[in-house]
Amino acid sequence: MESKNPVFSRQSHGQQAWGTPTPDQLRGMYDAPSYAPPAQRAMTIDDVVVRGFITLGTLVVSAAVAWALNLGQGALIAGALIGLVLALIVSFKQSTNPVLILGYSVSYGVAIGVVSHIYNDLYNGIVFQAVVGTALAFAAMLTVYSLRIIRVTPKFTKFVVAAGLGLMGLMLINLVAGFFIADGIGIRSGGPLAYVFSIAAILIGCFFLLLDFDAVEQGVRAGAPEKYSWLMAFGLTVTLVWIYLEILRLLSYFTSSD
């Protein structure tokens, strides 16, 4: 007898009761892929540009505030140490956390603001010259990279990284030697050796810009997640800070104090 209940009437047409899957449905459930979260949006050049403006802009604003407040050496030491710690965390963990990256910008910006104020008091107008020099270095390296005048190869990358580590090693040796000798090994004393060291440091900083540009291009090409634009912006900011400080020091060698 055919049931008048619409639920049971399905069975009379070759279907299972409501809520009980058929063998075909079970097979479809078994073959269906497991749940995967929606894919993240891939990083673009525009993402890096925007994050770069945010990161560098935060650093510049922090430096301007420190300059305006005329903060002392305590703020310089605290900002430099906190910025160094945050930079090491971001670098070694390859963190894309914007809080850490912007924290670096704020703390190191304070340190740079204090240093810039000190230099500008000694050598009037030197900060503006250093900013212009840094901007020109950035534009020049971007042009060199865009025109492929210098190609970033694995061999070139190894050379630049080794040179950077060599510079850091020399600065560490100079710091330790400074406890026993007045001018350390002479790379920061303002003499001919100091000129050569600062010029070499600026050039290597410019080469690191090429590595940064290549990292951005490779990340975009590989479809890296959008969050990695923060890490790319961090790398560019660190390199620009390096170049700025070295240009500031080099200009001080050739500028008479007031």
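See the structure printed just above.
Residues numbered from 1 in each chain as written. Predicted model: local features only at pLDDT ≥ 70, side-chain atom pairs only at ≥ 80, totals over all residues. Heavy atoms only, no water.

Participant: Quick one: what's the story with the overall build of the protein chain, residue by residue and with numbers?
Facilitator: Check the secondary structure of the protein chain and you find nine helices and zero strands. Classification of the 258 residues of the protein chain by burial places 36% in the buried group. Put simply, 80% of the contacts in the protein chain that link residues at least 6 apart link residues at least 24 apart. Counting every atom, the protein chain has about 15,500 Å² of accessible surface; 69% of that belongs to carbon and sulfur. (Helix = DSSP H or I, 4+ residues; strand = E, 2+ residues; numbered from the N terminus. Buried < 20%, exposed > 50% of the residue type's maximum accessible area, 1.4 Å probe, protein only. Contact = heavy atoms within 4.5 Å. Areas by Shrake-Rupley, 256 points an atom, 1.4 Å probe, with all protein chains shown as cover.)

Participant: Mind laying out helix α4 (residues 73–93), listing which residues take part and the relevant values?
Facilitator: The end-to-end C-alpha distance of α4, which contains 21 residues, comes to 30 Å, matching closely the 30 Å that a straight helix rising 1.5 Å per residue would cover. Within the sequence span of α4, burial applies to Gly79, Gly83, Leu86, Ala87 and Val90. For α4, the arc enclosing every buried residue in end-on projection is 105°, short of the 170-degree limit, so these residues lie on one face. Exposed side of α4, more than 90 degrees from the buried face: Gln73, Gly74, Ile77, Leu81, Phe92 and Lys93 are the residues found there. Turning to α4, the residues buried within the fold contact α5 (98–122) and α9 (228–253). One or two steps after α4, the chain reaches Gln94, where phi turns positive at roughly 50°. (Expected span 1.5 Å × (residues − 1). Arc of directions from axis to C-beta.)

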